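Take a look at the letters that make up each chain.
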Amino acid sequence: MPLWAQAGGWGFVAGAALLIGAAAGYFVRVPQRVIAAIMAFGSGVLISALSFELMDEAFRHGGFRATAIGFIGGAAVYTLANRILAAYGGKHRKRSSGRQPAAADDSGSGTAIAVGALLDGIPESIVIGLSMLHGGAVSIVAVVAIFLSNIPEGLSSAAGMKGAGRSRAYIFGIWGGIAVVSGLAAVVGYVVFQRFSPAVVAATTAIAAGAILAMLVDTMIPEAFEEAHDYAGLITVAGFLAAFALSKLGG
């Protein structure tokens, strides 16, 4: 199988976890404290992955300057885009506790939620494609970390969308579409950046890392803390340790 097709397949696998989480959030009545705990664990997993996989890889191939510029730039771009979406009703797209606006209350919020979910998923998927540029093998640690973090994202968001009165077709249409786009974004990450220098690839990896960390702090961690604040820190540490162990065992 061509490497670009492998990249797309891995990106789709990681994105499909959103559908798994969405199905759980829609069809199963999961207590909000359990959702929050899963969100905290997923946050820890992603923080570990971007620390030991993305940032370390960017530094090795591009040095500190390209890595730092990319990291800050990715966070800044994500934050700006997130603020714009928040003004149109996408602020609480990952909340399960009734904060998402209903379609009847804010007709434009559905589009904002969809675009916001896409914004959250693309940087992660591009990283999967980028990981294949060095040696032609995907970073299994990155794929597993993104997969594990996508399940609570889909679960929490779908539960919130259902509570806000969104239709089943809308909810699964969003997550199914994002799973497909995740595969395409991984292909882009592999195909487009083949022709660029290691410094550019490193900066792009750092951009994705910055966007992911900003996304965690803006969307996932608040949901985790709101319902599981007594144990959110401990659960996040457990997720971090799980991904750290996977990284070292995978190495």
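The structure presented is a predicted model; accordingly, all values stated were derived computationally and were not measured.

A. Structural detail: the pattern of salt bridges. Summed over the entire model, instances satisfying the criterion amount to two salt bridges. Among the salt bridges present, the one from Asp56 reaches Arg60, with a minimum N-O distance of 2.6 Å. One end of the pair, Asp56, and the other, Arg60, are both in helix α2 (residues 32-87), four residues apart, so they sit about a helical turn from each other. With its nearest N and O atoms 2.4 Å apart, the salt bridge here joins Arg60 to Glu57. With a gap of three residues between them, Arg60 and Glu57 both fall in helix α2, about one helical turn apart. Look at Glu57 and you get partly exposed, because its relative accessible area is 21%. Residues joined by salt bridges that share partners form a network here, namely Asp56, Glu57 and Arg60.

B. Summary view of the environment of Arg29. Positionally, Arg29 belongs in the loop between α1 (3-27) and α2. Overall, Arg29 belongs to the exposed group, its relative accessible area being 81%. Distance in space between the C-alpha atoms of Arg29 and Ala159 is 8.4 Å, their sequence separation being 130 residues.

What counts, and at which threshold
- Residues numbered from 1 in each chain as written.
- Predicted model: local features only at pLDDT ≥ 70, side-chain atom pairs only at ≥ 80, totals over all residues.
- Heavy atoms only, no water.
- Salt bridge = Lys/Arg side-chain N within 4 Å of Asp/Glu carboxyl O.
- Helix = DSSP H or I, 4+ residues; strand = E, 2+ residues; numbered from the N terminus.
- Buried < 20%, exposed > 50% of the residue type's maximum accessible area, 1.4 Å probe, protein only.

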